[in-house]
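Structure assessment
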Amino acid sequence: MIRIDLDRLLFQLLCLYAFLVPFELVLEIFFGIDTIFKPYRVVCLVLIGLYSLRAIKQGGFSLSKDFREDSFLYLVFIYGILISFYNMIVVEFHLGKFYNKLFQNALYLAVFAIVKGLPMTREQLRKIQRYLLWGLVINGIYVLANRYTGITLNRQSGFFDNPNYLSLGLIYALGYLAINLKSVKFSDKVLYLILIPICLLAFLVAGSRTGALVMMVVLLLMLSFQSLRSILIGLVVLAVLSPVYLLVSDTNLSLRPTTVLEDRFQDLDIGDDPRFPIWEGVIRASMKTNFVGLGLGQFEARFPEFYREENNIVIYEMLAYGYYLSPHSDYLAVLVSFGIVGLVFFLLFFFFSIRKILSLFWRSTGDSLLRMQLIGIIALVIFGIAAENFVSGLYWLILTLSTKCAFEIDEAQEFGNTKVV
């Protein structure tokens, strides 16, 4: 009889899941297959099944070390489902959008709970981060290949369905490479020094203005981790590489990656930007429910109801073609769907999670995992102000890895048989 080590299999699947998250549209791009069953979602379903089997064998689910902070996030969705059931009774309710949103959120929240419920060491969490890193790096290489072969000179999203997600992922990748550069062996240092400019150039091609703001904050945060000597060395390297980059890219200015982000800032027109009209519509929609919340998927379903009087060209085109726009903010997305109660729970989750990470960080001696967790959660908090990432698998994976409390080796009992160094 074949005996399956569920712990080992679960950990391997988590690594595969992290690697596949950045390949959201890979089937559509290469094979023309448009399906809700993305590769990482299939792995997610297998994870849920195996973790449920593990729980049955062990006699139930165990609470995670992070449950006190995470309970506020679970309350967001519990409230959201309850308010959805209430709205099914009192107003016209679109079940199709509800089921679609419920399916996506349930998958992401399930993986979140699975990772939180499994005892993992610091090295195991770093290993999952590395798998995510390689998925993001391949995305960056794909973007630059499209750019420099002339396939597209416009803003790109790689295998993501939104350039903002690519930008967020590359910020996370750059943070990982920079933070771990000093601690890896020489051959890996050389590799990291090659990957950093690849990720940086791909980030510029993504052309996210919100990402540029987050990048500046993350850079300042990373500088606070470094010694004066490391900062000076970095400035010298930058001073040497910048003229080389300009000299090479001057042969064809249209291929210079910086032009994408530069053009987006130069073309910035507050009157044409749909964010402010969208945010106003979100407030109108929230006021219509007395800030109780519309329920899962109902903002998208009722989009024309809240924006038919808007004269913004982007919103007008969406309405004309029967489409809709997202709230363009995680916090407003939570407000309009889950109400003021859900938003308060959401903010409390971030507040207590950041407080926990800071408490561990101040007691540590330069732990690279805690540095990455701090960068990850700060990036999500800021990025969420002007971009909706709540529906992104990448967002949820970074959120999970950034708030997961690592166990000590003896507590984890070497979960998944991964060697800890």
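In what follows, the structure referred to is the one given above.
First things first, this report covers the structure right here in the doc. It should be emphasised that the depicted structure is a prediction, and the values quoted were computed from it without experimental measurement.

1. Quick notes on the pattern of salt bridges
Under the definition given, this model contains 14 salt bridges. For the salt bridge of K288 with E305, the shortest nitrogen-to-oxygen distance reads 2.5 Å. Taken as a pair, K288 in helix α12 (residues 275-288) and E305 in helix α14 (residues 303-307) lie far apart in primary sequence, 17 residues in all. Owing to a relative accessible area of 53%, K288 belongs among the exposed residues under this scheme. E305 gets classed as partly exposed once you look at its relative accessible area, which sits at 27%. As a salt-bridge pair, R302 and E305 come within 2.9 Å of each other at their nearest N and O atoms. The exposure class of R302 is buried, given its relative accessible area of 14%. Because the salt bridges share partners, they merge into one network encompassing R122, E123, R126, R130 and D367.

2. Topic: helix α6 (residues 122-148)
Its 27 residues place the ends of α6 38 Å apart at the C-alpha level, agreeing with the 39 Å of an ideal helix rising 1.5 Å per residue. Among the residues trailing α6, G150 stands out with phi positive, at a value near 80°.

3. Observations regarding the packing of α6 against helix α8 (residues 186-206)
Look at α6 against α8: their axes get within 9 Å of each other, and the N-to-C directions meet at 60°. The angle between α6 and α8 places the two elements in the oblique class. In terms of crossing hand, the pair formed by α6 and α8 is left-handed. Facing W134, V137, G140, I141, V143, L144, R147 and Y148 of α6, the residues of α8 in contact are L191, L195, I198, C199, L201, A202 and V205. A class-by-class count of the residues in the contact of α6 with α8 yields 13 nonpolar, 1 polar and 1 charged.

4. A few points about the nonpolar core
The biggest cluster of nonpolar side chains holds 112 residues, and the ones touching the most others in it are Y17, L73, L132, F346, W396 and L399. Examining the composition of this core, we find that 13 residues originate from one element, helix α16 (residues 330-363), more than from any other. The contact partners of W396, leaving out residues within four places of it in the chain, are L73, F77, Y108, L109, F112 and F390.

5. Concerning unusual backbone geometry
Backbone geometry places N290, a non-glycine residue, at a positive phi of 55°. Looking at the element boundaries, N290 is found in the loop between α12 and α13 (298-301). With a phi angle near 55°, H328 is a residue other than glycine that sits in the positive phi range. Structurally, H328 is set in the loop between α15 (313-320) and α16. What makes H328 buried here is its relative accessible area of 18%.

6. A short note on helix α1 (residues 6-20)
If you check α1, its first and last C-alpha atoms are 21 Å apart, about what 15 residues at 1.5 Å a residue would give, namely 21 Å. What α1 keeps buried is the set L6, L10, F11, L13, L14, C15, Y17, A18 and L20.

Reading the values: rules and limits
Residues numbered from 1 in each chain as written. Predicted model: local features only at pLDDT ≥ 70, side-chain atom pairs only at ≥ 80, totals over all residues. Heavy atoms only, no water. Salt bridge = Lys/Arg side-chain N within 4 Å of Asp/Glu carboxyl O. Helix = DSSP H or I, 4+ residues; strand = E, 2+ residues; numbered from the N terminus. Buried < 20%, exposed > 50% of the residue type's maximum accessible area, 1.4 Å probe, protein only. Expected span 1.5 Å × (residues − 1). Axes fitted to C-alpha atoms, helices over the stretch in contact; angles between N-to-C directions. Parallel < 35°, antiparallel > 145°, perpendicular 65-115°, else oblique. Left-handed = near helix turned anticlockwise from the far one by under 90°. Contact = heavy atoms within 4.5 Å. Nonpolar A, V, L, I, M, F, W, Y, C, P; charged D, E, K, R; others polar. Core = buried A, V, L, I, M, F, W, Y, C linked by side-chain atoms within 4.5 Å.

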